[in-house]
Amino acid sequence: MSHELDSELGFSPEAIAECLTGEGLLSLELEFTRKCNLRCTYCYSSAGEALEQELSLEELVAVIEQARQLGARRIVLLGGGEPLLFPAVKEIIQHIDALGLSQAIFTNGMCLDKELCRFLFDHRATVAVKQNSFRAAVQDELAGTTGAYAGIQRGLRLLMESGYPDVDRPLCVQSVICRPNRGEIVDMWIGARERGITPYFEALTGQGRARQHPHLSLSPEELQQVFRALSDIDRERFGISWEPRPPIAGFSCRRHLYSCVVTSQGFVQPCPGVDISVGNIREKPLSAILRGSHVIRDLRRIYRQIDPSCQSCRFAGACYGCRGNAYQTTGSYLAADPECWLRSTMASVPCSCGGGG
């Protein structure tokens, strides 16, 4: 398994074990606005317009402080929509940097200019730009917006002119693996590697607008072919070794052991895919929400509670597929990931996820 993405976006097994023992956090993911300048056909949150009563800067700063007190080392700025459209995004980034925490921001790149790229670089932010195709027509169609391709390419160019990537400031490209871009995934992966950019390529989760576009999804067998091809390229061409398994190529998602999401309205969820509210930070402290939630407890004990077919997998204890895809497809966050080609059966456990914390 490559430790490249694990070191940039994940944590060591020792750090995770300590976090579990202390019932704390290693990272916090913030969705602080649903406002977006794109209308991506696969968007998990169906982003577009800002929601009513989104969190204020003061509330966001407070929850970041609470996460730090729980042991968080990294803040991930997801936005929910486009984070760079949030009026106080610079203040958030400055505050995170001043606390000595690392941070990663996921953006479509359309709002970037020279000054903002330099600001991100100076505040040591890892930047992940959403890029799904080298073809303008395909990128624009997936983004639901004419001109998206040109804007994304411009944003990437400006980031690289500002100094990205360097050893302390990784640059990533985030891509969903889907039918329209399947034929160019390998070229996109190689193109990123050759420029020193980290590829963050993931399987599509069937939620949000993706439910309206089922033709986008690949079968488990097709996903397996893509992941194997990428693994072979990394091993043979770049000297990076990892075992192909979903949901993210070259990276083992273990976020449910050490992270959570706070949405733009203050609701706490295990992850964007497991969109079960377990509380709201406007009503209780983050620590009380996490430690009082049976959903969080289930997911932090996932290796003992997951579907039996996953427990018998050769990757048991190191992988659990995509909990979001399992939940969105079966209604149970403890079920086997239906997109996982490694599962021995599709039998699922009874749904115990309920609707609250």
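Since the model is a prediction, treat every value here as computed from it, not as a measurement.

Focus: the overall build of the protein chain
1) Next: Of regular secondary structure, the protein chain possesses 14 helices and 8 strands.
2) Next: For a compact globule of 357 residues, the expected C-alpha radius of gyration is about 21 Å, and the protein chain comes in at 19 Å, within 12% of that figure.
3) Next: Here the protein chain holds 357 residues, and 59% of them are scored as buried.
4) Next: Across the protein chain, every contact between residues at least 6 apart in sequence was considered, and the portion connecting residues at least 24 apart equals 71%.
5) Next: Here the protein chain displays about 14100 Å² of accessible surface, and carbon together with sulfur accounts for 50% of that area.
6) Next: If the 37 positive side-chain charges of the protein chain are averaged to one point and the 41 negative ones to another, these points end up 2 Å apart.

As for the packing of helix H3 (residues 57-69) against helix H4 (residues 89-98)
1) Next: In the contact formed by H3 and H4, the axes pass within 10 Å of each other and the chain directions differ by 25°. When the axes of H3 and H4 are compared, the pair comes out roughly parallel. The crossing of H3 and H4 is right-handed. In this structure, H3 uses Leu57, Leu60, Val61, Ile64 and Glu65 to contact H4, whose residues at the interface are Glu91, Ile92, His95 and Ile96.
2) Next: For the contact of H3 with H4, the class distribution of residues is 6 nonpolar, 1 polar and 2 charged.

Quick word on the state of the cysteines
1) Next: Taken as a whole, this structure holds 0 disulfides when the rule is applied.
2) Next: Among the cysteines around cysteine 43, which has no disulfide bond, cysteine 40 carries the closest sulfur, lying 6.2 Å off.

What to know about the sheet that holds strand E6 (residues 198-203)
Through backbone hydrogen bonds, the strands of a sheet pair up, either in parallel or in antiparallel fashion.
1) Next: Pairing in this open sheet of 8 strands is mixed, and the strands run E6-E5-E4-E3-E2-E1-E7-E8 from one edge to the other. Of all the strands in the sheet, the pair left with one neighbour each is E6 and strand E8 (268-269).
2) Next: Where strand E3 (residues 102-107) and strand E4 (residues 125-130) come together, 5 bridges link them in parallel fashion. Looking at the pairing, glutamine 103 lines up with alanine 125 of E4.
3) Next: The strands that helix H7 (residues 148-161) touches are E4 and strand E5 (171-177); relative to E4, the one it contacts most, it runs at about 155°.

Observations regarding the environment of glycine 163
1) Next: Tracing the sequence through the fold places glycine 163 in the loop between H7 and E5.
2) Next: Counting along the chain gives 42 residues from glycine 163 to phenylalanine 121, while the straight-line C-alpha distance between them is 7.2 Å.

Quick notes on empty space enclosed by the protein
1) Next: Applying the stated criterion to the full structure yields 5 cavities of 30 Å³ or more.
2) Next: Residue lining of the largest cavity: 47 residues in total, with Tyr44, Gln174, Glu202, Arg255 and Pro272 positioned closest to the centre.
3) Next: Put simply, the parts of the chain that give the lining of the largest cavity at least two residues each are strand E1 (27-30), strand E2 (74-77), E5, E6 and helix H14 (323-330).
4) Next: Here the element with the most residues in the lining of the largest cavity is E6; it accounts for 3 residues.
5) Next: Its residues assigned to classes, the lining of the largest cavity shows 24 nonpolar, 12 polar and 11 charged.
6) Next: Approximately 120 Å³ is the volume attributed to the second largest cavity.
7) Next: Along the wall of the second largest cavity there are 13 residues; nearest its centre are Cys310, Cys313, Cys319, Gly321 and Cys340.
8) Next: Looking at the lining of the second largest cavity residue by residue, the classes come out as 8 nonpolar, 2 polar and 3 charged.

As for the packing of aromatic side chains
1) Next: Going through the model one piece at a time under the given rule, you end up with 9 aromatic pairs.
2) Next: Here phenylalanine 32 and phenylalanine 86 contribute two aromatic rings whose centre-to-centre distance is 5.1 Å and whose plane-to-plane angle is 55°, an arrangement assigned as tilted. Of this pair, phenylalanine 32 sits in the loop between E1 and H3 while phenylalanine 86 sits in the loop between E2 and H4, and the two are 54 residues apart along the sequence. Judged on exposure class, the residue phenylalanine 32 and its partner phenylalanine 86 are both buried.
3) Next: When the ring of phenylalanine 106 is compared with that of tyrosine 200, the centres are 5.8 Å apart and the planes differ by 70°; the resulting orientation is edge-to-face. In this pair, phenylalanine 106 is assigned in strand E3 and tyrosine 200 in strand E6, connecting sequence segments 94 residues apart.
4) Next: Here the aromatic residues Phe106, Tyr200 and Phe251 are joined through ring pairs into a cluster of three or more.
5) Next: Looking at lysine 90, its charged tip hangs above the ring of phenylalanine 119, at a distance of 5.3 Å from the centre.

Side note on unusual backbone geometry
Both trends apply: most residues other than glycine have a negative phi, and most peptide bonds are in trans.
1) Next: Note the cis peptide between tyrosine 164 and proline 165, where omega equals -15°.
2) Next: With respect to the helices and strands, the residue proline 165 is situated in the loop between H7 and E5.
3) Next: Put simply, proline 246 and proline 247 share a cis peptide bond, and its omega is 5°.
4) Next: One can find proline 247 in the loop between helix H9 (220-238) and strand E7 (261-262).
5) Next: Despite not being glycine, glutamate 23 has its phi angle at roughly 50°, a positive value.
6) Next: Considering the arrangement of structural elements, one finds glutamate 23 in the loop between helix H2 (13-22) and E1.
7) Next: The backbone phi angle of serine 46 is positive, close to 50°, even though this residue is not glycine.
8) Next: Residue serine 46 is classed as partly exposed on the basis of its relative accessible area of 37%.

Definitions and cut-offs
Residues numbered from 1 in each chain as written. Predicted model: local features only at pLDDT ≥ 70, side-chain atom pairs only at ≥ 80, totals over all residues. Heavy atoms only, no water. Helix = DSSP H or I, 4+ residues; strand = E, 2+ residues; numbered from the N terminus. Rg over C-alpha atoms; globule rule 2.2 N^0.38 Å. Buried < 20%, exposed > 50% of the residue type's maximum accessible area, 1.4 Å probe, protein only. Contact = heavy atoms within 4.5 Å. Areas by Shrake-Rupley, 256 points an atom, 1.4 Å probe, with all protein chains shown as cover. Lys, Arg positive; Asp, Glu negative; His and termini not counted. Charge placed at Lys NZ, Arg CZ, Asp CG, Glu CD. Axes fitted to C-alpha atoms, helices over the stretch in contact; angles between N-to-C directions. Parallel < 35°, antiparallel > 145°, perpendicular 65-115°, else oblique. Left-handed = near helix turned anticlockwise from the far one by under 90°. Nonpolar A, V, L, I, M, F, W, Y, C, P; charged D, E, K, R; others polar. Disulfide = S-S within 2.5 Å. Pairing = 2+ DSSP bridges. 1 Å grid on protein atoms, 1.4 Å probe; cavity = no way out; pocket = protein on both sides within 12 Å on 5 of 7 lines; lining within 4 Å. Points joined across faces, edges and corners; volume = space filled by probe spheres on them. Phe/Tyr/Trp six-rings, centres within 6.5 Å; stacked < 30°, edge-to-face > 60°. Lys NZ or Arg CZ within 6 Å of the ring centre and 35° of its normal.

Everything listed here is a matter of coordinates, which is why it stays silent on function.
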